[in-house]
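Each chain is listed here by its residues.
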There are 2 protein chains.
Amino acid sequence: MAATASGQNGVVTDDAPRRGRPRTVGADEAILTATLDVAREVGFRGMAMDVIAERAGVSKATIYRRWASKEALVLEALRRAINPLDDADLGSVRADLTTYLGNLAERMATGNMADVLPHLIEWSVHDPQLRAQLDDYVAHRRRPLVAILQRGVERGEIRDDVELDTMVDAFVGPFIYRKLLTGAPIGAGFVDDLLDLLIPTITA
Amino acid sequence: MAATASGQNGVVTDDAPRRGRPRTVGADEAILTATLDVAREVGFRGMAMDVIAERAGVSKATIYRRWASKEALVLEALRRAINPLDDADLGSVRADLTTYLGNLAERMATGNMADVLPHLIEWSVHDPQLRAQLDDYVAHRRRPLVAILQRGVERGEIRDDVELDTMVDAFVGPFIYRKLLTGAPIGAGFVDDLLDLLIPTITA
DNA sequence: GATTTACGATACTGGTCGGTTCAGTATCGT
DNA sequence: ACGATACTGAACCGACCAGTATCGTAAATC
């Protein structure tokens, strides 16, 4: 989607020294960061390209030389912002869940996507490309959790008469609910409470 | 907030017959309904007053004679759309929860607010008035559930070592998560699964 | 009938924003 | 030095939109 030939994942050994003035290094970075910052603050619709340009310390023309449209820019900025949570396997379900949910709580508080989420959800309602991006984000969050629970089932620690998907919903749902609706704090205390509540339920 | 003197809750015995042509009856209704319909489809930012006027079969001037601004109109439309879920008290926690969550599932599928929710959440991020409206909505959803669980605690059916608020989050969270993020179906099956999963947890 | 108020239709104002274009300048290879 | 490419700054276009103004008309009271 990016107009640049410098690869799709940031730093790439881009040999073949072309003629003419090279592109300002770090401009892509600055623009993408500014894009996400502005999106965080005012959402995608309220976000003006002039503001992004100013924030990135770059001319608006420069942006349009590197991305075809506002939408293309937003899509790449989002793609870059999705950092998968990794799955620890500490031996016990409780330990795995504690670390996973702890990371999730931290991301909810300080993560890249946290403040963009409301805007992303809204836009994705009628934009298939954004919707796909959101699905990707959701999948990245669910995958490790499914793995944790799956291991628990295989070890006989977890009952196998309930859909794994429903269990995942029971763990992640409360976080999303607090983040988007109630605004209640999401900290270590909440994680502990939730585990105290849910662990007895899922154990075989 | 409404410019009209006809009261704040729709039909009011509006005596004191004023002179001149009376306001077209049902126009308020039509306008508020159209507002919510359009909001459902394109969100609050994408919603043009001309479209609302046309949809309501009304001139734009008529709208501005009754409401001071787009924001005032939206606020009243939202206020009207919040219908509280009622709390049954069927004697057992399981029965109460079944009916409550069943109603919740139905609202998520066909309710007034369901499709507006993403837009409302987005706007409320930086608009205190919208935020207040959203808080009101959330409170209306939580209240009956808290009552159900509270009764369960008093009857000794439910353990009292976990915050009630956390329990509520555990029940409502999965619904919100599915509605806003995963898009997974929210039907009777999901309600049953969730109850099978959570009931053992909360019982004393 | 005169007055008063609400109405539809439509045009208009003022502002915002995505995207384009261009002149002048900077920085690279050759 | 020269051509090629990138960058800034700014002007500019076209679309969209909230809100206002106007005008002729409909429906009520007096």
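Everything discussed here concerns the structure shown above.
Residues numbered from 1 in each chain as written. Chains lettered and ligands numbered in written order. Predicted model: local features only at pLDDT ≥ 70, side-chain atom pairs only at ≥ 80, totals over all residues. Heavy atoms only, no water.

S.K.: Help me understand the overall build of chain A, please; the structure alone is not making it clear to me.
M.R.: Of the regular secondary structure elements, chain A holds nine helices and zero strands. Seen along its three principal axes, the alpha-carbon backbone of chain A occupies a region of about 65 × 40 × 30 Å. Here chain A holds 204 residues, and the buried ones make up 47% of them. Nonlocal contacts in chain A, meaning residues at least 24 apart in sequence, comprise 66% of its contacts between residues at least 6 apart. Approximately 9,700 Å² of chain A is accessible, and the part contributed by carbon and sulfur atoms is 51%. Of the side-chain charges in chain A, 24 are positive and 30 negative, and the distance between the mean point of each set is 9 Å. (Helix = DSSP H or I, 4+ residues; strand = E, 2+ residues; numbered from the N terminus. Buried < 20%, exposed > 50% of the residue type's maximum accessible area, 1.4 Å probe, protein only. Contact = heavy atoms within 4.5 Å. Areas by Shrake-Rupley, 256 points an atom, 1.4 Å probe, with all protein chains shown as cover. Lys, Arg positive; Asp, Glu negative; His and termini not counted. Charge placed at Lys NZ, Arg CZ, Asp CG, Glu CD.)

S.K.: What should I look at first to understand the protein's contact with DNA strand C in this one?
M.R.: Near DNA strand C you find 24 residues, and of these A:M47, A:K60, A:K70, B:T62 and B:R66 are the closest. Counting only the atoms of DNA strand C within 4 Å of the protein, the fraction contributed by sugar and phosphate is 62%. At 2.8 Å from a phosphate oxygen of DNA strand C is found a side-chain nitrogen or oxygen belonging to A:Y64. Here a phosphate oxygen of DNA strand C sits 3.1 Å away from a polar atom, N or O, in the main chain of B:T24. Mapped by element, the contributors of at least two residues to the surface near DNA strand C are helix 3 (60-66) of chain A together with helix 3 (60-66) of chain B. Element by element, the count of residues in the surface near DNA strand C is highest for helix 3 of chain B, at four residues. When the residues that make up the surface near DNA strand C are grouped by side-chain class, the tally is nine nonpolar, seven polar and eight charged. (Near = heavy atom within 4 Å. Polar contact = N/O pair within 3.5 Å; in protein donor to acceptor, adjacent residues only side chain to side chain. Nonpolar A, V, L, I, M, F, W, Y, C, P; charged D, E, K, R; others polar.)

S.K.: Looking at this structure, how should I read the nonpolar core?
M.R.: One recurring pattern in soluble globular proteins is that nonpolar side chains are buried together. With 130 residues, the main nonpolar core has A:F175, A:I202, B:F175 and B:I202 as its most contacted residues. If near-sequence neighbours (up to four positions away) are discounted, B:F175 is found in contact with B:L101, B:L104, B:A105, B:M108, B:I186, B:F190, B:V191 and B:L194. (Core = buried A, V, L, I, M, F, W, Y, C linked by side-chain atoms within 4.5 Å.)

S.K.: What is the right way to read the interface of chain A and chain B from this model?
M.R.: Interfaces are often described in size by the accessible area the parts lose on coming together. In this assembly, 42 residues from chain A lie in contact with 42 residues from chain B. Across the chain A to chain B interface the summed buried area is about 3,500 Å²; carbon plus sulfur atoms make up 66%. Looking at the side of chain A facing chain B, the largest losses of area belong to A:Y177, A:L181 and A:L197, adding up to 21% of the total buried there. Linking chain A with chain B are two salt bridges, by the criterion used here. For the salt bridge of A:D169 with B:R178, the shortest nitrogen-to-oxygen distance reads 2.6 Å. Remark: the boundary between chain A and chain B carries twelve residue pairs in polar contact (both at pLDDT 80 or more). Contributions of two or more residues to the side of chain A that touches chain B are made by helix 1 (27-42), helix 6 (117-124), helix 7 (128-154), helix 8 (164-182) and helix 9 (188-202) of chain A. (Buried area = accessible area lost by both parts, 1.4 Å probe. Salt bridge = Lys/Arg side-chain N within 4 Å of Asp/Glu carboxyl O.)

S.K.: Where do I start with the environment of A:V191 in this structure?
M.R.: Residue and element names in this part refer to chain A. Here V191 is to be found in helix 9. Given the relative accessible area of 4%, V191 is considered buried. Along the chain, V191 and E106 lie 85 residues apart, while their C-alpha atoms are 11 Å from each other.

S.K.: Looking at this structure, how should I read the protein's contact with DNA strand D?
M.R.: Among the 25 residues in the neighbourhood of DNA strand D, the closest are listed as A:T62, A:R66, B:M47, B:K60 and B:K70. In this structure, a phosphate oxygen belonging to DNA strand D sits 3.4 Å away from a main-chain N or O atom of A:G57. B:M49 is positioned with one of its backbone polar atoms (N or O) 2.9 Å from a phosphate oxygen of DNA strand D. Where the surface near DNA strand D is concerned, the elements lending two or more residues are helix 3 of chain A together with helix 3 of chain B. Split by residue class, the surface near DNA strand D holds eight nonpolar, seven polar and ten charged.

S.K.: Just checking my understanding: could you explain the packing of aromatic side chains for this structure?
M.R.: Centre-to-centre distance and the angle between the planes together describe a pair of aromatic rings. Residues and elements named next belong to chain A. Taken as a whole and judged by the stated rule, the model has four aromatic pairs over all chains. On the numbers, 5.3 Å between centres and 35° between planes, the contact of F44 with W123 is tilted. Here F44 is found in the loop between helix 1 and helix 2 (49-56), whereas its partner W123 is found in helix 6, with 79 residues between them in sequence. With a relative accessible area of 2%, F44 lands in the buried category. Using a relative accessible area of 18% as the deciding quantity, one classes W123 as buried. (Phe/Tyr/Trp six-rings, centres within 6.5 Å; stacked < 30°, edge-to-face > 60°.)

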